[in-house]
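Here is what each chain is made of, one letter per residue.
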Amino acid sequence: MKYIVIKLSMLFARFGCAKAQFILGCCYDTGDGVEQSYSKAVKWFRRSAEGGNPHAQYNLGIMYERGQGTIPSFIEAEKWYTKAAEQGLADAQYNLGAFYYHGKGSRQSYTKAVELYKKAAMQGNVNAQYMLALCYDEGTGIRQDKSNACYWWKKAADQGNERAAIEYRKLMNATSLW
């Protein structure tokens, strides 16, 4: 069955189907049903990304950030994360937020990082929830607000983030918010 899916994906990908191109990119990225090749993954992710597929844009950003199948480039990674983030992809919003937070690709901007973390956190991205809580707790890029820090650490902790659970308990023990 997998063989048929891959062959059909190759056929449709060659005719410009962005979803099939994305599937092929994933197959080459992981070696699922084909010989693993980061360079071929980049090729297919790029074609799909240029066709507007936000998941391919995100994956292409990862490939550039890690230098897998391509020369590492934070500038290119940021470009593709931005395209995916603008389409509402939470993982891309988180990664782009991390780029702004750490000053990768472009100038550091805690304010932009917080904006992106909020968007991703609202969609349930646990890493964004943690980072948003940290920003609220420390007043980084946003007015310090222990109540909001507590809220977002609880959200992240409820999804299994152990660091968030520790921070949530520390904050609850240190304050009488609730």
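Residues numbered from 1 in each chain as written. Predicted model: local features only at pLDDT ≥ 70, side-chain atom pairs only at ≥ 80, totals over all residues. Heavy atoms only, no water.

Core analysis: the largest hydrophobic core is formed by 55 residues, its most contacted members being Tyr 117 and Trp 153. Setting aside chain neighbours within four positions, we find Trp 153 in contact with Tyr 130, Ala 133, Leu 134, Asp 137, Ala 164, Glu 167, Tyr 168 and Leu 171. (Core = buried A, V, L, I, M, F, W, Y, C linked by side-chain atoms within 4.5 Å. Buried < 20%, exposed > 50% of the residue type's maximum accessible area, 1.4 Å probe, protein only. Contact = heavy atoms within 4.5 Å.)

Another point: the packing of helix α2 (residues 18–30) against helix α3 (residues 38–50). Look at α2 against α3: their axes get within 7 Å of each other, and the N-to-C directions meet at 160°. Classified by the angle their axes make, α2 and α3 are roughly antiparallel. Considering only the axes of α2 and α3, their crossing is left-handed. Across from Ala 18, Gln 21, Phe 22, Leu 24, Gly 25, Cys 26, Tyr 28 and Asp 29 in α2, the residues of α3 making contact are Tyr 38, Lys 40, Ala 41, Trp 44, Phe 45, Arg 47 and Ser 48. In terms of residue class, the contact of α2 with α3 is made up of nine nonpolar, three polar and three charged. (Axes fitted to C-alpha atoms, helices over the stretch in contact; angles between N-to-C directions. Helix = DSSP H or I, 4+ residues; strand = E, 2+ residues; numbered from the N terminus. Parallel < 35°, antiparallel > 145°, perpendicular 65-115°, else oblique. Left-handed = near helix turned anticlockwise from the far one by under 90°. Nonpolar A, V, L, I, M, F, W, Y, C, P; charged D, E, K, R; others polar.)

Counting across every chain of the model gives six salt bridges. Taking the shortest distance from any N to any O, the salt bridge between Glu 65 and Lys 104 comes out at 3.2 Å. Linking Glu 65 in helix α4 (residues 54–66) with Lys 104 in the loop between α6 (90–102) and α7 (110–122), this pair joins segments that are 39 residues apart in sequence. (Salt bridge = Lys/Arg side-chain N within 4 Å of Asp/Glu carboxyl O.)

The next point concerns the packing of aromatic side chains. Applying the stated rule across the entire model yields nine aromatic pairs. On the numbers, 5.9 Å between centres and 40° between planes, the contact of Tyr 58 with Tyr 81 is tilted. Separated by 23 residues along the polypeptide, Tyr 58 in helix α4 and Tyr 81 in helix α5 (residues 74–86) bring together distant segments of the chain. Both residues of the pair, Tyr 58 and Tyr 81, belong to the buried class. Residues Phe 74 and Phe 99 carry aromatic rings whose centres are separated by 5.6 Å and whose planes lie at 80° to one another, so their mutual orientation is edge-to-face. Residue Phe 74 is located in helix α5, and its partner Phe 99 is located in helix α6; the two are separated by 25 residues in the primary sequence. By relative accessible area, which is 39% here, Phe 74 ends up partly exposed. Aromatic rings pair up to connect Tyr 58, Phe 74, Tyr 81 and Phe 99 into one cluster. A cation over a ring is seen here: Arg 47 above Trp 44, with NZ or CZ 4.7 Å from the ring centre. Between Arg 163 and the ring centre of Tyr 130, over which it is positioned, the NZ or CZ distance is 4.3 Å. (Phe/Tyr/Trp six-rings, centres within 6.5 Å; stacked < 30°, edge-to-face > 60°. Lys NZ or Arg CZ within 6 Å of the ring centre and 35° of its normal.)

In the contact formed by α4 and α5, the axes pass within 8 Å of each other and the chain directions differ by 160°. The pairing of α4 with α5 is recorded here as roughly antiparallel in orientation. Our pair here, α4 against α5, has a crossing hand that is left-handed. Of α5, the residues touching α4 (which contributes Pro 54, Gln 57, Tyr 58, Leu 60, Gly 61, Ile 62, Tyr 64 and Glu 65) are Phe 74, Glu 76, Ala 77, Trp 80, Tyr 81, Lys 83 and Ala 84. Grouping the amino acids of the contact of α4 with α5 by side-chain chemistry returns ten nonpolar, two polar and three charged.

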